[in-house]
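Single-letter residue listing:
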Amino acid sequence: MAELLVVRAGALTTVQDRGRPGYAHLGVPRSGALDTAAYALANRLVGNPPGAAALETTLDGVSLRARAAAVVAVTGAPCPVRVCGRPVAWGAPVRLPAGAELEVGRAESGVRGYVAVRGGLAVPPVLGSRSTDLLSGLGPPVLSAGTALPVGPAGPGPVPAADAYGLPAAPSELLLPLRLGPREDWFTAASLAGLWRSAFRVSPRSNRIGLRTEGGPALVRARAGELPSEGMVLGAVQVPPDGLPVVFLADHPVTGGYPVVGVVPAGPALDAAAQARPGITVRFVRAR
């Protein structure tokens, strides 16, 4: 079987696919690629089926050596891409000769990049998914130098000649559509009214579990006491005791005891959240 050898693992590089939906009742998070559009594009560019496993990088990329000839594509956060030291295309299929080294550099904007290889990464699946889940520990471990990644056989899908799909640029301001509920009644009317006028910032404490906010006005509770733990969904906006919203992302817990003021629907807004750097302004707007 063909393999990719990890030469440089980067700040945080994980194997991701479309995740493990349907196991929340067993306490298993969904996981999966954070920027779903960029992940899907990377697979399309190399002719993979939609659910093939790929790499998700964080900020400073990754370096890989192909032990056999391969076709790869890099999408997500724009970055320099080199093969054996020579610049090659970002957002397009790239052929790697056997023994060649692929260098995915530091993100020029955004946070997370995606590296797909034709045939997909054939690490062992857990509960039907090859995704690394940072919260539960399911799936393959976070990449480290020297890790050998098996590559599956190429499917029948063609390799496009160029990227015809395109992706939006990383956000300079993150607008998150919010549907109130189920626990908006735990907050004062004035606090909820002010939420639509307020600006927050992406906190450096954000990760694959949740996008944390800072710098905005705290939401004020209308009632005291504790809320029994209840189910959480992707995009749920939980408000901890400090009053600053946390937007749950792919590795979120399946239950939580803080009130959920609303939910950001899955889609382009959560993809944008995956690329929002610390310090970026965050605003909540009413979901249509």
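Conventions adopted
Residues numbered from 1 in each chain as written. Predicted model: local features only at pLDDT ≥ 70, side-chain atom pairs only at ≥ 80, totals over all residues. Heavy atoms only, no water. Helix = DSSP H or I, 4+ residues; strand = E, 2+ residues; numbered from the N terminus. Contact = heavy atoms within 4.5 Å. Polar contact = N/O pair within 3.5 Å; in protein donor to acceptor, adjacent residues only side chain to side chain. Buried < 20%, exposed > 50% of the residue type's maximum accessible area, 1.4 Å probe, protein only. Pairing = 2+ DSSP bridges. 1 Å grid on protein atoms, 1.4 Å probe; cavity = no way out; pocket = protein on both sides within 12 Å on 5 of 7 lines; lining within 4 Å. Points joined across faces, edges and corners; volume = space filled by probe spheres on them. Nonpolar A, V, L, I, M, F, W, Y, C, P; charged D, E, K, R; others polar. Axes fitted to C-alpha atoms, helices over the stretch in contact; angles between N-to-C directions.

The name an unreviewed UniProt entry assigns to the protein is Allophanate hydrolase, from the organism Streptomyces amritsarensis.

Asks: What's the story with the side chain of serine 203 in this structure? I'm lost.
Replies: Here serine 203 lies in the loop between β13 (200–202) and β14 (210–214). When sequence neighbours within four positions are dropped, the list of residues in contact with serine 203 reads Arg212, Thr213, Glu214 and Pro278.

Asks: Mind showing me how you'd approach the environment of aspartate 133 here?
Replies: If you trace the backbone, aspartate 133 turns up in the loop between β10 (112–117) and β11 (148–151). Each C-alpha atom, one on aspartate 133 and one on glycine 19, is 8.8 Å from the other, the two residues being 114 residues apart in sequence. Not counting the four nearest positions on each side in its chain, aspartate 133 is found in contact with Arg20, Pro29, Ser31, Leu138 and Asp251. Within the structure, aspartate 133 has its side chain in polar contact with the backbone nitrogen of leucine 135 (distance 2.9 Å).

Asks: Can you walk me through the environment of methionine 232 in this structure?
Replies: Within the secondary structure layout, methionine 232 lies in the loop between β15 (230–231) and β16 (236–238). A relative accessible area of 6% means that methionine 232 is categorised as buried. Spatially, the C-alpha atoms of methionine 232 and arginine 44 are 31 Å apart, while their sequence positions differ by 188 residues. Excluding residues within four positions of it along the chain, methionine 232 makes contact with Gln238, Phe248, His252, Pro253, Val254, Thr255, Gly256, Tyr258 and Val260.

Asks: What is the right way to look at the pairing of strand β5 (residues 70–76) in this model?
Replies: Side chains on a regular strand alternate between the two faces of the sheet. The buried count for β5 comes to seven of seven residues, which makes it a mostly enclosed element. Neither face of β5 is exposed, since Ala70, Val72, Val74 and Gly76 on one face and Val71, Ala73 and Thr75 on the opposite face are all buried. Across three bridges, the pairing between β5 and strand β8 (residues 94–96) is antiparallel. Bridge pairing in β8 places alanine 70 opposite leucine 96. Where β5 lies against β10, five bridges are found, and the strand directions are antiparallel. Its bridge partner lying in β10, threonine 75 is registered against tyrosine 114.

Asks: What exactly am I supposed to notice about the layout of surface pockets here?
Replies: Remark: the empty space left among the atoms is shown by a probe the size of a water molecule rolled over them. The calculated volume of the largest pocket comes to roughly 340 Å³. If you trace the largest pocket, you find 22 residues lining it, with Arg30, Ala33, Leu34, Thr36 and Asp271 closest to the centre. Looking at the lining of the largest pocket, the elements that each hand over two or more residues are α1 (36–45) and α3 (268–274). The leading source of residues in the lining of the largest pocket is α1, at five residues. Looking at the lining of the largest pocket residue by residue, the class counts come to eleven nonpolar, six polar and five charged.

Asks: Sorry, what's going on with the sheet that holds β14 here?
Replies: Two strands in a sheet stick together by hydrogen bonds in their backbones, pointing the same way (parallel) or opposite ways (antiparallel). Pairing is mixed in the closed barrel, where seven strands are placed in the order β12-β19-β16-β17-β14-β13-β20. With direction set aside, neighbouring strand axes in the sheet form an average angle of 40°. Two elements, β13 and β14, share two bridges in a ladder whose sense is antiparallel. Its bridge partner lying in β14, arginine 201 is registered against glutamate 214.

Asks: Mind showing me how you'd approach the environment of valine 261 here?
Replies: Tracing the backbone shows valine 261 in strand β19 (residues 260–263). C-alpha of valine 261 to C-alpha of proline 150: the two residues are 111 residues apart in sequence and 43 Å apart in space.

Asks: Can you walk me through α1 in this structure?
Replies: Helical geometry note: an α-helix holds 3.6 residues per turn, so side chains three or four residues apart project in the same direction. The set of residues buried in α1 consists of Ala38, Tyr39, Leu41, Ala42, Asn43 and Leu45. Against the buried residues of α1 lie β2 (14–16), β3 (54–58), β5 and β10. Trailing α1 by a residue or two, glycine 47 shows a phi angle of about 80°, which is positive.

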